[in-house]
Amino acid sequence: MQNRKILVAFMVLILLLMVGCGSDPVKSDLEEYLNFEMSVQKEAENFSLDLMSNMSNTAKDKAEVVKMFSDANGKLTEFAEKQKGYKPKTKEVQAIHDKYLKMLDNSTYVFNEITNMLNADKPTKEQLETLTQKQQEIIKLTKEYRDDIRNLAEQKKVEVKLFK
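If you're wondering where the values come from, they're calculated on a predicted model, not measured in any experiment. (Residues numbered from 1 in each chain as written. Predicted model: local features only at pLDDT ≥ 70, side-chain atom pairs only at ≥ 80, totals over all residues. Heavy atoms only, no water.)

(A) Region of interest: the nonpolar core. Counting residues in each nonpolar core, the largest one holds 35 residues, and the members touching the most others are Leu 30, Tyr 33, Leu 34, Tyr 100, Phe 111, Tyr 145 and Ile 149. Among the elements that take part in this core, helix α4 (residues 91–119) stands out by supplying 9 residues, more than any other. (Core = buried A, V, L, I, M, F, W, Y, C linked by side-chain atoms within 4.5 Å. Buried < 20%, exposed > 50% of the residue type's maximum accessible area, 1.4 Å probe, protein only. Helix = DSSP H or I, 4+ residues; strand = E, 2+ residues; numbered from the N terminus.)

And the structure:
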């Protein structure tokens, strides 16, 4: 009877070790993060499409354009807050998410700056230069974000459907 208990305990220990050793916290965290991103990607696409539609359909009245950018900035801020609420469990995924958050902060800055420029009589050279610099940084961060996800996914053998 005692041997049987020892054998059962040993088997349970081996199973726990196998399950524990077989799991990769970075892989699991990346999979959870990608699922989160897929769930909010549709919202981001709808935001972009609405903005582009509004830009092409908006009357050229300055007040309407300012309102459109102000409304878009409000939606972007809501989206950014949702993203900021997500907390990855590993430093590898957190580093990727931090790039996305920086990209969103820059985007919010660009929308605020455009609204300020529309409200001003004439934008300054510095405003235009800063806006161009922020837009370039957004493009750079977007590329890095995608590359980092792809690289980590490749290392951890995780399928990425986010950018297809």
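Next comes the rest of the description.
(B) Representation of the packing of helix α2 (residues 25–57) against helix α3 (residues 62–84) in the model. Where α2 meets α3, the closest approach of the two axes is 11 Å, and the angle between their N-to-C directions is 175°. Comparing the axis directions of α2 and α3 gives the class roughly antiparallel. Contact residues: Phe 36, Glu 37, Val 40, Glu 43, Ala 44, Phe 47, Asp 50, Leu 51, Asn 54 and Met 55 in α2; Met 68, Phe 69, Ala 72, Lys 75, Leu 76, Phe 79, Lys 82 and Gln 83 in α3. Here the contact of α2 with α3 is composed, by residue class, of 11 nonpolar, 2 polar and 5 charged. (Axes fitted to C-alpha atoms, helices over the stretch in contact; angles between N-to-C directions. Parallel < 35°, antiparallel > 145°, perpendicular 65-115°, else oblique. Contact = heavy atoms within 4.5 Å. Nonpolar A, V, L, I, M, F, W, Y, C, P; charged D, E, K, R; others polar.)

(C) Representation of unusual backbone geometry. We note that Lys 157 has phi near 55°; this positive angle belongs to a residue other than glycine. One can find Lys 157 in the segment after α5 (125–156). Judged by relative accessible area, Lys 157 falls into the exposed class, the value being 68%.

(D) View of the packing of aromatic side chains. All told, the structure shown has 4 aromatic pairs when counted by the stated rule. Consider the rings of Tyr 33 and Tyr 86, whose centres lie 5.5 Å apart with planes at 55°: the pair is tilted. Placement of the pair is Tyr 33 in helix α2 and Tyr 86 in the loop between α3 and α4, with a sequence separation of 53 residues. We note that Tyr 33, like Tyr 86, is buried. With 4.9 Å between their ring centres and 45° between their planes, Tyr 100 and Tyr 145 make a pair best called tilted. You can see Tyr 100 sitting in helix α4 and its partner Tyr 145 sitting in helix α5, a full 45 residues away along the chain. (Phe/Tyr/Trp six-rings, centres within 6.5 Å; stacked < 30°, edge-to-face > 60°.)

(E) Representation of the packing of α4 against α5 within the structure. The interhelical angle for the contact between α4 and α5, taken along N-to-C directions, is 155°, at an axis separation of 9 Å. The orientation of α4 relative to α5 falls into the category roughly antiparallel. Considering how the two elements wind past one another, α4 and α5 form a crossing that is left-handed. (Left-handed = near helix turned anticlockwise from the far one by under 90°.)

(F) Looking closely at α5. Under the 1.5 Å per step criterion, the end-to-end length of α5 is 46 Å for 32 residues, consistent within 8% with the ideal 46 Å. Listed as buried for α5 are Gln 127, Leu 131, Ile 138, Leu 141, Tyr 145, Ile 149, Leu 152 and Ala 153. Lining the buried residues of α5 we find α2 and α4. Following α5 by one or two positions, Lys 157 adopts a phi angle in the positive range, close to 55°. (Expected span 1.5 Å × (residues − 1).)

(G) Quick look at the environment of Thr 130. Mapped onto the elements of the fold, Thr 130 is located in helix α5. Using a relative accessible area of 26% as the deciding quantity, one classes Thr 130 as partly exposed. As a C-alpha pair, Thr 130 and Glu 113 span 17 residues in sequence and 9.1 Å in three-dimensional space.

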